[in-house]
Each structure stands twice: as C-alpha cells, then as structure tokens.
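Residue-level structural notes
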Amino acid sequence: MKIVKQSFKFLVLAVLMFLPTSIFANDTAQDGGQISGKKQVEEYIVHHLKDSHDFNLFSYTNDSGERKHFGVALPVIVWTSQGLVTFMSSEFHHNDDGHVIVEKEGLKLAKIHSKIYELEKGATSVSFDAGHHATNAAKLLDFSITKSVVGVLLIGLLMLFWFSRLAKQYKKKQIPTGFGRILEPLVLYVRDEIARPNIGEKQYRKFTGYLLTVFFFIWILNLAGLTPLGFNVTGQLAVTACLAIFTLVIYTVSGNKDYWMHILWMPGVPIFVKPILAVIELVGAFIIKPFSLLVRLFANISAGHIVLMSLIAIMFTLKESLGVAGATGLSFVLSFFLLLIELLVAFLQAYIFTMLSALFIGMAVAEHDHDHDHEISSDVEDVRGDFI
Amino acid sequence: METLLNDFSPGLFVVSTILMLVLIALMVKFAWKPILESLNEREEGIQGALDAAEKAKIEMTNLQADNERLLQEARLERETMLKEARELKSNMIAEAESQAQEQANKMIVQAQEAIASEKKAAMAELKSHVAGLSLDIAEKVVRNELSNKDKQLQLVESMLAEATLN
Amino acid sequence: MEPVTYNLIGAGLIVIGAGIGLGQIGGKAMEGIARQPEAAGKIQTAMIIVAALLEGLAFGALFLGK
C-alpha cells in the first residue's frame, strides 16, 4: 500500500512538474466541441490515436457555451527553415485544423491534425486541396515534447524509481520488501522464461538488460494507455519503430559468423539457390522481422484503443434508440469486458515483443553444430527445451 | 500504407530513440545490473546451501554405513573370539582328559607292576615260609610221631588246618 | 466500384484468412495439449509465437491496404 501511495505521489509530482511551463489552458476554440454524432466520434478517435501537443485531461462546455479545456500545454520544438523554434502549444488554442496561425521569428506556423506546418512565404492562411492536404505549407521536423514524449519520460522515471529502489533493497537483505516483491518475480520471469531459454545459457546475460527494459517499458506504457490519462505511446508508429530498430541493431551487431553464413551463403543447398536464398534471408532479417515487430505492437494497441473508444461512444451513438440509461449501461458493460481483454493484450504484446526480440537475438548468437540441415527448427527446439 | 507513413513522425522517432537509449543505459546501470547480480548471488547461495546439505547427507549416510560396518566387524570378531575360546576350552578339556587317562594308565601299570612284584615277593616269602613251616611241622610231626602216634596225627591235622588258612 | 470498396473487400479477405489460420493454430494446439497434457506449457508458448507471427502478417497486410 505504501509503495502504491508513494508511486501515486510520484506520478502526481511528475505531472505537477510540467505545470510551471504553463497555466491550465482554458481557451475557447473549436476542437469539434461536444461529441454527439457518429462523425464526431470517428474524428475524436482518430484524433486520440495521434500524438498531441498538449496534455488534455478533459474538456467541457460551460453554461455560457464556452469550451473549457483542463490540462497542460506542452512545449513545441520544431526545426524550421530558420532553425529551431520553441513556443508553448497553448498558442494554438487547441486548434487542430490549421486556422490558428502562430507567428514566430517571421515564420507562420499552423497545426493540422497534430502536425506542425510551416506556411510558404507570403501566405496568410492555409489552403487545402480536395483531399484535405495543405497546398501552401510544408510539414516540419517536430521535436516537441508531445504527450507521447511525456509518457515515455514519466514511465521511464517511474521505472527508474521502482527498479533502483528494488536494487537498493538487495543491498540490505536478500529478500525485497513491499512493492519489490511484485517486481522481483516479473524480473525473474523475463530472465528465466524469455531471455535464458531463447538466447541460451552462455550469452543471455548480455541481452537481459535490454529485454527487461523493453518488456517493462512496453507493458507499463500499454497499461498507461488504458488509464484515463489517455496515453497512446505504444500506439505511435515512431515509438514502436524505435523499439523494433533497437532489436534489429542488436541482433545485427551481435550476429556471429554462422548467422551471417546462413544469411548470405546458405550451406547445404545447390549453388544456384544460394543467391536467391540470400536475398530472401536479407529481406527477412532487415525488413520483415523488424516490420512485423513494429506493426504488431502498433496495430494491437491502436486496435484496442479504437474498439474501446468505440464501445465508450455507444453512450452517444445509441442514446436515441436505447435511452440514456440503456446506452450508458450497455457501454459500461461492453467496455468493462473489453478492458479486461485489453489488460491481457497489454501484457501479451509486451511479452511477444520481448519474446520475439529474444528469439531473433538468440538466432543470431546461436552456436551451430555443423550439420546444416537443422536451420530454424533446431533453434526453435532448443528454445522450447526449457519451457515447462 | 499512405496513412501509415503520414502518421509516422520522424521527430518523435528521434526523440524516443534518444530517450530509450538513455533509459536503457540508466536502467542497466542503476537497476538491472545490481538486481541481476544480487539475484545471481542469492541463487548461488541457495545452490551452495543445497549442495552443502546434499553433501552432509551423503556424509551422514557414509558415516552410518561406516558405523554399520564397524558394528558388523565387531560382532564378527566377538563371534570368532567366542568360537576360538570354545575350541580352546574343548581342546583343553580333551587334552586334560587324555593326559589324565595316560596318567591313570601309567599308574595302573605301575600299580600292576608293583602288585606283581609284591606278589612275587610274597610268593617267594610264602614259599620260604611254607617251606620253613613244613620243615617245622615235619620236625614236630617227626618228634610227635616219635612219642604218640595219635597225637602225632592230631598235630598234623591241626597244623594243616592252620596252614591252609594262611 | 470505388477503390475504397476494393480496400474493404481486401481487408475482409485478410481477416478471413487470418481467422482460418488462427483457428488452425489454436485447434491444433488444443489437440496437442489434449494428446500430451504434460507438454501444455511448451505448446502454448509455441502457439503464441506462431499466432503472433500470423497476426503481424495480417496487420501488415491490413495497413498496407489501408
């Protein structure tokens, strides 16, 4: 209990840390306003799935018809034609369709669907073509502290806080106390069930740190995505791509001679097949493996968020046909059960990502005995060997 | 694919890569290394304790076997000793018996010899005595004969009666 | 028909294919577990990995078509 309280305090403190950067933003602007129709629900969900430049907790319309937002504005850092430009996202007044233009250092900046655009010289407003693409503005390289970055920072600090405490506990005695008792079996689980059997007894120690970090990072962020804070960090392609590329780099760098031999010049097949196999293996190692890693995580989490939000939106969309109480009840029941499934998915995706990373690393560092008709099957077998 | 690429934010990619690198480095340095090291230490400690217990158990059984063996040996030794003693006893008895028998035989032989010699001596003495006696008798008979015939006969008879007694 | 409709048909086909595949994986895994209950853990792990690979493929196809 104590640890839970402390962690909560820590979270609150961490959130409050961002407060001095801005006051609570309460601007009146058009962000779609109240959600009532199917179209708005769709737009809201699409908006949620994207990264956002402010940390909005909730919005409401007050009695006088003003739209109030409750949340924290985050700093925008963009690389423009004039170099780095920094300002607070509150300057966009929650506008997301390019109608609010922010002028900085002689540049006109607009935010369209969570992306910052720089207007061309001389243009005063963004003009769109038929497909709603901006015609006179260019997308900028955006290093902003977005909501996802805040999520990564928060979860990173939380992980550091929890696990360095656990590490300190071991200095005093052999058995951890309190929250450490929950964390220790998880660490052991990743080490004994994921790293050790997949990579092999000799080499696993080198990679356990990375696998543990990735596992807890993904899992906690997945869980954070299910809280009302509304993070969607593991549903950001950039984040999952970053994780997948880490795995790619690790298994490419640590691959041994046998691994490269099996990729570039497969032993035990006729010579004219070898170049074809090399191409297939190269594509597999450098494109398919990381792509499947990044897309799986991204798609699972995005799909979960979409379905969960759609079920919550039953409240609005079925209000007429079922009545307020009926629609709300149905929505609660359905989203409750989906939330349970999503809790499982949150763990499962972290597990699968870590597991497959370990498997790929294990394939790259495995020491083959030279009888060359085993290929993947033997790897998979010695992986399974220790699973009971 | 188009929306996918459109959603991909290179800026976020760069930022999250940097953050992840820092996070991995910090976690490895401040959390995983000490945690895994102490977990390993603990496991080795437990393994060591288990091994020691196993060893102690084996030693214990060895000791027990030793004891058993010693006991067995002692029992055997006792048995043999008892057997030897019994043999010794019976030997001694037999020997004593044979010795006694021998001794007895010897003594009997000696006694027989003594008796025989005594007998011989006695016979010799008797012979001489009988001879003397008969001489005496003869003398007296002769003398009586010479005086009274009846008396002489009487004398001879009584003398003879006396003589046969001896 | 509009391109959007083709995309939807494609997505439907992907989902059908992935569904059949996942059903096969799950069914065979169940059979395996029923035959050898002591190997349930190994079979489950293998099943999850294969299912994840299939899922990745299906999602990849879905997003490529989107």
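Conventions we followed
Residues numbered from 1 in each chain as written. Chains lettered and ligands numbered in written order. Predicted model: local features only at pLDDT ≥ 70, side-chain atom pairs only at ≥ 80, totals over all residues. Heavy atoms only, no water. Contact = heavy atoms within 4.5 Å. Buried area = accessible area lost by both parts, 1.4 Å probe. Salt bridge = Lys/Arg side-chain N within 4 Å of Asp/Glu carboxyl O. Polar contact = N/O pair within 3.5 Å; in protein donor to acceptor, adjacent residues only side chain to side chain. Pairing = 2+ DSSP bridges. Helix = DSSP H or I, 4+ residues; strand = E, 2+ residues; numbered from the N terminus. Axes fitted to C-alpha atoms, helices over the stretch in contact; angles between N-to-C directions. Parallel < 35°, antiparallel > 145°, perpendicular 65-115°, else oblique. Left-handed = near helix turned anticlockwise from the far one by under 90°. Nonpolar A, V, L, I, M, F, W, Y, C, P; charged D, E, K, R; others polar. Buried < 20%, exposed > 50% of the residue type's maximum accessible area, 1.4 Å probe, protein only. Core = buried A, V, L, I, M, F, W, Y, C linked by side-chain atoms within 4.5 Å. Expected span 1.5 Å × (residues − 1). Patch = residues over 30% accessible without salt bridge, like charges linked within 9 Å, V, L, I, M, F, W, Y side chains within 5 Å. Areas by Shrake-Rupley, 256 points an atom, 1.4 Å probe, with all protein chains shown as cover. Lys, Arg positive; Asp, Glu negative; His and termini not counted. Charge placed at Lys NZ, Arg CZ, Asp CG, Glu CD. Domains from an automatic or database assignment. pLDDT = per-residue confidence, 0-100.

Next up on the list: the interface of chain C and chain A. The interface of chain C with chain A comprises 13 residues on the first partner and 17 residues on the second. Interface area, chain C with chain A, both sides summed: about 1300 Å², of which 78% is carbon and sulfur. The largest contributions to the chain C side of the interface with chain A come from C:Lys42, C:Ile49 and C:Phe59, which together make up 35% of the buried area. Connecting chain C to chain A are 0 salt bridges. Taken together, the links from chain C to chain A amount to 2 residue pairs in polar contact (both at pLDDT 80 or more).

All names here are of chain A. The sheet built from 3 strands is open, its strands ordered β4-β3-β9 with antiparallel pairing. Either end of the sheet is taken by a strand with one partner, and the two such strands are β4 (83-88) and β9 (141-142). Two strands pair when backbone bridges link them, and strand β3 (residues 75-80) and β4 are joined in this way by 6 bridges, in the antiparallel orientation. Directly across from Thr80, in β4, lies its bridge partner Gly83.

What follows is about the packing of helix α6 (residues 237-253) of chain A against helix α10 (residues 319-365) of chain A. For any two helices packed against each other, one specifies the crossing angle of their axes together with the interaxial distance. All names here are of chain A. Across the interface, α6 lies against α10 with an axial gap of 9 Å and an inter-helix angle of 20 degrees. In terms of orientation, α6 lies roughly parallel with respect to α10. Regarding α6 and α10, the two cross each other, and that crossing is right-handed. The segment α6 lies against α10, with Leu243, Ala244, Thr247, Ile250 and Tyr251 engaging Phe353, Ser357, Phe360, Ile361 and Ala364. Here the contact of α6 with α10 is composed, by residue class, of 8 nonpolar, 2 polar and no charged.

Another point: the sheet that holds strand β5 (residues 97-104) of chain A. Residue and element names in this part refer to chain A. Spatially, 4 strands are ordered β5-β6-β7-β8 in an open sheet, and the strand pairing comes out antiparallel. The open sheet has two edge strands, β5 and β8 (137-139), and neither has a second partner. Shown here is a sheet whose adjacent strand axes are inclined to one another by a mean of 35 degrees, direction ignored.

All names here are of chain A. Burial runs high along strand β7 (residues 115-119): 5 of the 5 residues are buried. Here β7 shows no split at all, with Lys115, Tyr117 and Leu119 on one side and Ile116 and Glu118 on the other all buried. In terms of strand pairing, strand β6 (residues 107-112) meets β7 through 4 bridges, oriented antiparallel. Pairing of Lys111 across the sheet is with Ile116, part of β7. Linking β6 to β7, which pair antiparallel, is a turn of 2 residues; within it His113 sits at a positive phi near 50 degrees.

Attention now moves to the nonpolar core. Generally speaking, nonpolar side chains in soluble globular proteins are found buried as a group. Membership of the largest hydrophobic core comes to 90 residues, with the highest contact counts inside it found for A:Phe163, A:Val187, A:Phe216, A:Phe217, B:Trp32 and B:Ile35. Setting aside chain neighbours within four positions, we find B:Ile35 in contact with A:Phe163, A:Leu166, A:Ala167, A:Tyr170 and A:Val187. Formed by 10 residues, the second largest nonpolar core is a distinct cluster that contains A:Val76, A:Val78, A:Phe87 and A:Ile116.

Moving on, we come to the interface of chain B and chain A. Opposite the 32 residues of chain B that make contact, chain A presents 46 residues. Of the roughly 3400 Å² buried between chain B and chain A on both sides combined, carbon and sulfur atoms contribute 76%. Between the two partners, chain B and chain A, sit 2 salt bridges. Here B:Arg42 makes a salt bridge to A:Glu184, at a shortest N to O gap of 2.9 Å. At the boundary of chain B and chain A, one finds 4 residue pairs in polar contact (both at pLDDT 80 or more). Only α1 (2-7) and α2 (10-147) of chain B provide two or more residues apiece to the side of chain B that touches chain A. Of all the elements, α2(B) adds the most residues to the side of chain B that touches chain A, at 27 residues. Residue composition of the side of chain B that touches chain A, grouped by class: 22 nonpolar, 7 polar and 3 charged.

What follows concerns α6(A). The end-to-end C-alpha separation of α6(A) is 24 Å, in line with the 24 Å expected for 17 residues at 1.5 Å each. Burial analysis of α6(A) places 13 of its 17 residues in the buried class, which makes it a mostly covered element.

This part covers a positive patch on the surface. Residues and elements named next belong to chain A. Taken together, the side chains of Arg165, Lys168, Lys171, Lys172, Lys173 and Arg181 present a region of like positive charge at the surface. The leading source of residues in the positive patch is helix α3 (residues 147-172), at 4 residues. With a relative accessible area of 47%, Lys173 lands in the partly exposed category.

Time to look at the pattern of salt bridges. Applying the stated rule across the entire model yields 7 salt bridges over all chains. We note a salt bridge from A:Glu201 to A:Arg196, for which the minimum N-O separation is 3.0 Å. Residue classification places A:Glu201 among the exposed residues on the basis of a relative accessible area of 51%. Connected via shared salt-bridge partners are A:Arg191, A:Asp192, A:Arg196, A:Glu201 and B:Glu43.

The domain boundaries assigned to chain A delineate domain 1 (75-144) and domain 2 (148-383). Relative placement of domain 1 of chain A and domain 2 of chain A: their C-alpha centres are 35 Å apart.

This paragraph deals with helix α5 (residues 204-226) of chain A. An ideal rise of 1.5 Å per residue puts 33 Å on 23 residues; α5(A) measures up with 32 Å between its terminal C-alpha atoms. Within α5(A), 20 of the 23 residues are buried, which leaves it mostly tucked inside the rest of the structure.

On to the side chain of B:Ser16, then. Within the secondary structure, B:Ser16 sits in helix α2. If we ignore the near neighbours within four places in the chain, the residues touching B:Ser16 are A:Ala238, A:Val239 and A:Cys242.

A word on the environment of A:Tyr117. Residues and elements named next belong to chain A. As for its position among the elements, Tyr117 is in strand β7. Relative accessible area serves as the criterion here: at 14%, Tyr117 is assigned to the buried category. Each C-alpha atom, one on Tyr117 and one on Leu140, is 5.7 Å from the other, the two residues being 23 residues apart in sequence. In this view, Tyr117 contacts Lys108, Leu109, Ala110, Ile112, Ala134, Ala137, Ala138, Lys139 and Leu140; residues no more than four positions away in its chain are not counted.

A cluster of nonpolar side chains, namely A:Leu264, A:Trp265, A:Ile271, A:Phe272, A:Val279, A:Leu282, A:Val283, A:Phe286, A:Ile287 and A:Ile288, defines an oily patch on the protein surface of about 950 Å² accessible area. Broken down by element, the residue count for the nonpolar patch peaks at 6 residues, all from helix α8 (residues 274-312) of chain A.

The subject of this paragraph is the confidence of the model for chain A. All names here are of chain A. Mean pLDDT over chain A: 81, with 85% of residues reaching 70 or higher. Counting contacts from residues 19-32, a segment whose pLDDT is below 50, to residues more than four positions away or on other chains yields 31 contacts. Taken together, the stretch residues 372-388 has pLDDT below 50 and engages in 27 contacts with residues farther than four places along the chain or on a different chain.

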